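# Report on the structure
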Amino acid sequence: MTRKKLCEYYWAPFKSDCEELLGRFQQTESVRFEEFSAIWREMDFASVFFGTHSDHEKRSFTQLTFTIAYRYILPPYSFQIRVGGLYMIYGLYNTQLIWPKEKIRIALKDWYDVRKLITDAKSCQHLDVVYVFKRLLSSKAFCFTAMPKKLTFEASERIQLNVNEEFRDHKHRVAELASAEMLEEIANVHGHYERLKKSSVPPSSGVTLLNLTHLVQECAFDYQQWQDKIAAEKDKNSKETTQKSESSSRADTLAAIKFKSYGHVSKGTKSRRHRQVEMVTSGSGTDQALFSQKKRPPSLRTRTWQNFGKPSEPEQTQEWLLSVMEEDKTALFYLKI
């Protein structure tokens, strides 16, 4: 079975199993790993790897499971579903049947969201979430890539993972909770509670009564301001990233223009670096670097003349003969006497 057919065959059933697992975990209203592991064992979720036979199908199916489960740890899912997705990836990584183990692809654009999830879990003292993430890091389970999935031929025809609306994180849930009807109902209940409390407690006791409706409104307003602040920071970061990309593209364009405008001298080999380089401009306007012919070194006579000067006229030398005439020998004899 090819990878494309395997993806089309197993995508929908495994996605349904993942959503059933996360749906049961959502009903617990907890983010504890103990609750998730109990549901994992109850569903025998590790048996999803038993349906493939060949090593090629096992590896392709394992990659498919990580591709589907990876999306549940990213927005727009709620915090509990994202934690459940992290637990699910941790279980799938440790129960896969291939060796060496297949790694979890994480795109660089999603790394900020993953780190934000762990930071929020650490600030809320959900240490089991942090522990599972640290175990994955220490096991080198992540493969940091540029894209979340491999870019291959006809990749756009693959099935896309739709977001389950039940798992989506509703940002305006607090504002919806503090609606006018809900606040009116809270005011009525709280007013009845205050009347009962006044009738049971003597006035001299000094008990102060709180305005619960006003406190709920303040909490909802503070939460909305916090959400707006986070959205503004994200917009600011995205604008800064866009400006940096525009400035870098502008700099690249200017560098390309300068590179085309000015001629550059190609670097020769080591044996030719002592030669002189000439810039020859052709009639078409393009500059070409041409190496001139190698010049012969000056001769010994030329170098001697350069160092000691050229003689004005050649010196007169006397020739000596090895043999002399008889009269010359007689004259030489009288000279010795």
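Time to look at the confidence of the model for the chain. Here the chain averages 76 in pLDDT, and 65% of its residues register 70 or above. When the elements of the chain are averaged for pLDDT, strand β4 (residues 287-291) gives the smallest value, 45, and helix α6 (residues 127-138) the largest, 95. Across residues 277-292 the pLDDT falls below 50, and counting only partners more than four positions away or on other chains, this stretch makes 25 contacts in the model.

A surface patch of nonpolar side chains, amounting to about 290 Å² of accessible area, comprises Leu108, Leu137 and Phe144. Inspection of the secondary structure assignment puts Leu137 in helix α6. Accessibility expressed as a relative area gives 31% for Leu137, which makes it partly exposed.

In this structure, Met88 and Leu92 are the most contacted members of the largest nonpolar core, which totals 49 residues. Among the elements that line this core, the one with the most residues is helix α4 (residues 79-95), at nine residues. Each residue touching Leu92, except ones within four places of it in the same chain, is listed here: Phe14, Trp40, Phe45, Val48, Phe49, Thr65, Phe66 and Ala69.

All right, on to helix α3 (residues 55-70) then. Taking 1.5 Å per residue, 16 residues should reach 22 Å; α3 reaches 22 Å between its end C-alpha atoms and fits that length. Taken together, the buried positions of α3 are occupied by Glu57, Ser60, Phe61, Thr62, Gln63, Leu64, Thr65, Phe66, Ile68, Ala69 and Tyr70.

Attention now goes to the packing of aromatic side chains. The tally for this structure, following the rule as stated, stands at 16 aromatic pairs. Ring plane angle 45° and centroid distance 5.0 Å describe the contact between Trp40 and Phe45, whose orientation is recorded as tilted. Here the two residues Trp40 and Phe45 agree in accessibility, since each one is buried. Feature note: the residues Tyr10, Phe14, Phe25, Phe33, Phe36, Trp40, Phe45, Phe49, Phe61, Tyr87 and Tyr90 constitute an aromatic cluster, connected by ring pairs. Stacked on the ring of Tyr93, the Lys or Arg Lys101 has its end atom at 5.0 Å from the ring centre.

This part is about α4. Residues separated by three or four positions in an α-helix point in the same direction, a consequence of the helix having 3.6 residues per turn. The terminal C-alpha atoms of α4 lie 25 Å apart, and with 17 residues this matches the ideal 24 Å at 1.5 Å per residue to within 8%. For α4, the tally of buried residues reaches 14 of 17 residues, placing the bulk of the element in the interior.

The next subject is the pattern of salt bridges. Using the criterion set out here, one finds eight salt bridges in the structure. A salt bridge links Arg24 to Glu20, with the shortest nitrogen-to-oxygen separation between them at 3.0 Å. Taken together, the positions of Arg24 and Glu20, both in helix α1 (residues 3-27) and four residues apart, correspond to about one turn of that helix. Here Arg24 falls in the partly exposed class, since its relative accessible area comes to 31%. According to the relative accessible area criterion, Glu20 is partly exposed, its value standing at 36%. Across the pair Asp128 and Arg32 runs a salt bridge, and its minimum N-O distance is 2.9 Å. With Asp128 in helix α6 and Arg32 in the loop between α1 and α2 (33-43), the pair connects residues that are 96 residues apart, well separated along the chain. Look at Arg32 and you get partly exposed, because its relative accessible area is 31%.

Reading the values: rules and limits
Residues numbered from 1 in each chain as written. Predicted model: local features only at pLDDT ≥ 70, side-chain atom pairs only at ≥ 80, totals over all residues. Heavy atoms only, no water. pLDDT = per-residue confidence, 0-100. Helix = DSSP H or I, 4+ residues; strand = E, 2+ residues; numbered from the N terminus. Contact = heavy atoms within 4.5 Å. Patch = residues over 30% accessible without salt bridge, like charges linked within 9 Å, V, L, I, M, F, W, Y side chains within 5 Å. Areas by Shrake-Rupley, 256 points an atom, 1.4 Å probe, with all protein chains shown as cover. Salt bridge = Lys/Arg side-chain N within 4 Å of Asp/Glu carboxyl O. Buried < 20%, exposed > 50% of the residue type's maximum accessible area, 1.4 Å probe, protein only. Core = buried A, V, L, I, M, F, W, Y, C linked by side-chain atoms within 4.5 Å. Expected span 1.5 Å × (residues − 1). Phe/Tyr/Trp six-rings, centres within 6.5 Å; stacked < 30°, edge-to-face > 60°. Lys NZ or Arg CZ within 6 Å of the ring centre and 35° of its normal.

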